[in-house]
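Here are the chains, one letter per residue:
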Amino acid sequence: MTVELTFDQFIKTVCPQRNLDWRKYRRASRRKVLARIHELGLSGFSDYAEYLNRNPGEASALPNLLRVTVSRFFREKETWQDLATTVLPLLFFRRATSGKILRVLSIGCCNGEEPYSLALLWKAGLEAQFPENRISITALDVDPDCLRRARKAVYARKTLREVPPELRESWFEPLREGYRLNPVVSRLVDFKLLDLLSDPIPGGQDLILCRYLVFTYYHGELQRKTVNKITQALNPGGILILGDKEKPGPETRSVIVPVSGAKNSYIAVN
Ligand SMILES: C[S@@+](CC[C@H](N)C(=O)[O-])C[C@H]1O[C@@H](n2cnc3c(N)ncnc32)[C@H](O)[C@@H]1O
């Protein structure tokens, strides 16, 4: 007789062997796994753990099934201050000689909060500071529902809690159901469906934001492979931005080095 696993026991069993950090998965991941169990007509977590062992295709899709979709505008404000005052000016100065468009990717863009924060930095100051330049922001996510919400650009108040008040007043319109980002800003971001684990990443990027994805949920070989893929999409001297709680480990320390004076910023050593 098999003893039925709880969700916690299930993730502690299936995650480590697949280079996933079980401690990071929340209630929403449990709901997604239960829906998948139901869809497959299986009896519960134990049954699904066995199914994963027998089906490599299902196992390689597990990181995406468990994915967590939480974000907010200007998450971790020091990173955004350093982007506005150090990282973006550095990249724009460099671009002044090598071409005028600065190319940016947000990988794991969730509902658009992260790429729109960048677009707000551009509209609220950098555009006037670097009138010769332009910015191209592409935002990628594996979750079609996130992309749908991102394109709608309407947000609950709590998602805006770190937006400086003057930006909120100038660029968001209060509605009954939340706040709509001004289309002058939302038009700057191009959203696309992409699975970081299986799709190629568009190359020639000057800046990539990949926060609370690879360095939070992936370990070991899975992390090393995806970080290599990301750094290869950067131009020489291109910069990768991570989250406050994400620190490169031994697998990736040789491919990304910290930028001094800019929090959570790393130069790719290609
Ligand atoms: C925790 S959220 C982080 C959002 C944002 N980067 C931030 O820091 O606020 C992780 C996002 O990565 C997306 N994601 C997970 N696996 C992915 C994959 N394989 N390819 C692309 N996006 C993925 C999820 O759908 C989710 O929107």
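What comes next concerns the included structure. None of the values given here were measured: they were computed from a predicted structure.

### What about the packing of aromatic side chains?
- Taken as a whole and judged by the stated rule, the model has 14 aromatic pairs.
- Here Phe73 and Tyr155 contribute two aromatic rings whose centre-to-centre distance is 4.8 Å and whose plane-to-plane angle is 90 degrees, an arrangement assigned as edge-to-face. Of this pair, Phe73 sits in the loop between α5 (62–65) and α6 (77–98) while Tyr155 sits in strand β3 (residues 154–155), and the two are 82 residues apart along the sequence. For the pair Phe73 and Tyr155, one class covers both residues: buried.

### Looking at the sheet that holds strand β9 (residues 256–258)
- Across the sheet, seven strands lie side by side as β6-β2-β1-β7-β8-β10-β9; this open sheet has mixed pairing. Of all the strands in the sheet, the pair left with one neighbour each is β6 (189–193) and β9. The sheet shows a mean angle of 25 degrees between the axes of neighbouring strands, taken without regard to direction.
- Relative to strand β7 (residues 205–209), strand β1 (residues 101–107) runs parallel, the two sharing three bridges. When the sheet's bridge partners are listed, Leu105 is paired in β7 with Ile208.
- Here helix α7 (residues 113–129) sits on the sheet and contacts β1, β2 (134–141), β6 and β7; the angle it forms with β2, its principal contact strand, is near 170 degrees.
- Here helix α8 (residues 144–152) sits on the sheet in contact with β2 and β6, set at roughly 165 degrees to β6.

### Some thoughts on the sheet that holds strand β5 (residues 178–181)
- Taken in spatial order, the three strands line up as β3-β5-β4 in an open sheet, and their pairing is antiparallel. Each having just a single partner strand, β3 and β4 (172–175) make up the two edges of the open sheet.

Cut-offs and rules
- Residues numbered from 1 in each chain as written.
- Predicted model: local features only at pLDDT ≥ 70, side-chain atom pairs only at ≥ 80, totals over all residues.
- Heavy atoms only, no water.
- Phe/Tyr/Trp six-rings, centres within 6.5 Å; stacked < 30°, edge-to-face > 60°.
- Helix = DSSP H or I, 4+ residues; strand = E, 2+ residues; numbered from the N terminus.
- Buried < 20%, exposed > 50% of the residue type's maximum accessible area, 1.4 Å probe, protein only.
- Pairing = 2+ DSSP bridges.
- Axes fitted to C-alpha atoms, helices over the stretch in contact; angles between N-to-C directions.
- Contact = heavy atoms within 4.5 Å.

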